[in-house]
Amino acid sequence: MPKPSEHTDRSGRAALPSIDRLLQSPGGMALSEQHGHTLTRNTFRQVLAEARHQFALGRAPQVQDVDVLLAACATKISQQTRASMDRVFNLSGTVLHTNLGRALLPESAVAAATAAMQSAVNLEYDLTDGQRGERDAHVEHLITQLTGAEGAVVVNNNAAAVYLILYALARRKEVIVSRGELVEIGGSFRIPDIMASANCKLREVGTTNRTHLKDYEQSITTSTAAIMKVHASNYRIEGFSHCPAESALAELAHRHDLPLLNDLGSGTLIDLDQFGLPHEPTPREALLAGADIVTFSGDKLLGGPQCGLIVGRKDLIKKIRHSPMKRALRLDKIRLAALASVLQLYTTPEKLREHLPTLRLLTRATQDIQATAQRLLPSIQKAMGNKIQAAIIDCASQIGSGALPVDILPSAGIALTPHASKRGQGLNQLALAWRQLPRPVIGRIHAGALVFDLRCLEPAHEQAFVAQLAQFKHAHSVA
Ligand SMILES: *Cc1c(COP(=O)(O)O)cnc(C)c1O
């Protein structure tokens, strides 16, 4: 171990203790004991380098106390060992929030995923004949039963599903899509870009608001591989608009011996109208209308793990499954186990609302949410002190994840309003303080207040929510 060259240092570094001295101090030994020698030593090195740098800039004293350096090291270690991704309270009002991880899994799926993580499983192993099996077989029978499809393939997410069907069925050929459906979903999923990366030529037809059957028909050539429909998901064209019925489009495609592909996006497996939610097309409906292949997400309305489901005609499914890209996009055993378990819940629809968190949250009664607000208000007001006013408000939740933002669910929440002089920057500071809690709380800023929509704070988690409000005592004025 080279000795620190203390005497060659013109900038005053010699005034800092050596790493060894820090490590051998009682505080240093305690850190080493707790976090291991390697991490502690490396962190001391970083802390000393930082102190030297600050000194060189004239921002820190030349001599630094061992205790100050030890404290800096302890803080750094706790920052570094804290998981970067951790639990938060999603009080944003968006139930399926892509940035917050979308659907929450039911208990049974968590148990199945845990078992698959901790044990060897018959992932691709046929227990009857002891031969190699097919991993998608664990879910294919459930998916076909729930959608009426002849076959199913599952992949990493719906973007992968769309990519794979285009790659497997239309590579180096043309795919016809209406200009009204060339959508972007959540920043990086854009139909033209996916087409290009799957090496398909996009043949745009019609206009943004109106596309007719004859527009499709006139664009069919010998290079055409498929006609594709894309669910506009997060936006809607209203007024003077037209697109042909799916059944007419299917009839046209089949007359020319082409498949009709339909990217549904959310694609719920059940009729949501029965729960008073906005209607979302189901894969079954799309298949009945004549689509040959339908794609949808596993972690949107379906309420499962991140994955993409591809369902449809047996011969096309076979082609997709045997595409070399399938392996690159396939699901791991953990998510496959979780997906199988979620799909199993759908076979008992009477219990679905009780067991599937996504459906439970989306259908939670407003009075129930209001009751949560009433129970929490006193603790929140107390934690905020008298510089901030907390009040129960009516608000509206969104489904999220590409579901229409105009379809909203009546909800209740708590609005925090700093007193007049504190508005503006104060509100951002307040939101930051809530995000800095041990389990960060994510709200949204709306009309001069920090709003917490309580739809996704179920009674079982209220206690954990309230317990950490004590942290605000240490942070004096939060706004
Ligand atoms: C959400 C969505 C996708 C992307 O699905 P991911 O599961 O996020 O990959 C693709 N198409 C449509 C229509 C969507 O709504």
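Refer to the structure above for everything that follows.
In this text, all values refer to a predicted model and were calculated from it rather than measured experimentally. (Residues numbered from 1 in each chain as written. Predicted model: local features only at pLDDT ≥ 70, side-chain atom pairs only at ≥ 80, totals over all residues. Heavy atoms only, no water.)

What to know about the site of the ligand
Then step 1. All residues adjacent to the ligand are Arg102, Asn157, Asn158, Ala159, Ile185, Phe189, His231, Ser233, Asp263, Gly265, Ser297 and Lys300.
Then step 2. Here a nitrogen atom of the ligand sits 2.6 Å away from a polar atom, N or O, in the side chain of Asp263.
Then step 3. The side chain of Ser297 places a nitrogen or oxygen atom 2.6 Å from an oxygen atom of the ligand.
Then step 4. If the ligand stood free it would expose 380 Å²; the protein chains cover 94% of that surface.
Then step 5. Taken together, the elements giving at least two residues each to the shell around the ligand come down to helix H7 (158-170) and strand S11 (260-265).
Then step 6. Residue composition of the shell around the ligand, grouped by class: three nonpolar, six polar and three charged. (Near = heavy atom within 4 Å. Polar contact = N/O pair within 3.5 Å; in protein donor to acceptor, adjacent residues only side chain to side chain. Areas by Shrake-Rupley, 256 points an atom, 1.4 Å probe, with all protein chains shown as cover. Helix = DSSP H or I, 4+ residues; strand = E, 2+ residues; numbered from the N terminus. Nonpolar A, V, L, I, M, F, W, Y, C, P; charged D, E, K, R; others polar.)

Side note on the side chain of Ser323
Then step 1. Relative to the assigned elements, Ser323 resides in the loop between helix H12 (314-321) and helix H13 (324-329).
Then step 2. Excluding residues within four positions of it along the chain, Ser323 makes contact with Leu164, Tyr167 and Ala168. (Contact = heavy atoms within 4.5 Å.)

Description of the sheet that holds strand S12 (residues 293-297)
Pairing between sheet strands relies on hydrogen bonds along the backbone, with the strands arranged either parallel or antiparallel.
Then step 1. Taken in spatial order, the seven strands make up an open sheet running S5-S13-S12-S11-S10-S6-S9, and their pairing is mixed. Sheet topology places strand S5 (151-155) and strand S9 (201-205) at the edges, where each strand pairs with a single neighbour. Each adjacent strand pair in this sheet contributes to an overall mean axis angle of 25°, direction not counted.
Then step 2. Bridging between S12 and strand S13 (residues 308-312) involves five bridges; their strand directions are antiparallel. Considered in S13, the bridge of Thr295 is made with Ile310.
Then step 3. Packed onto the sheet, H7 meets S5, strand S6 (174-178), strand S10 (224-230), S11, S12 and S13 and runs at close to 160° relative to S12. (Pairing = 2+ DSSP bridges. Axes fitted to C-alpha atoms, helices over the stretch in contact; angles between N-to-C directions.)

Some details on the nonpolar core
Then step 1. With 57 residues, the main nonpolar core has Ile227, Leu302, Leu343 and Tyr346 as its most contacted residues.
Then step 2. Top contributing element to this core by residue count: helix H14 (residues 333-346), with eight residues.
Then step 3. Counting 35 residues, the second-largest nonpolar core is a separate cluster that includes Val183, Phe189, Ala225 and Leu261. (Core = buried A, V, L, I, M, F, W, Y, C linked by side-chain atoms within 4.5 Å. Buried < 20%, exposed > 50% of the residue type's maximum accessible area, 1.4 Å probe, protein only.)

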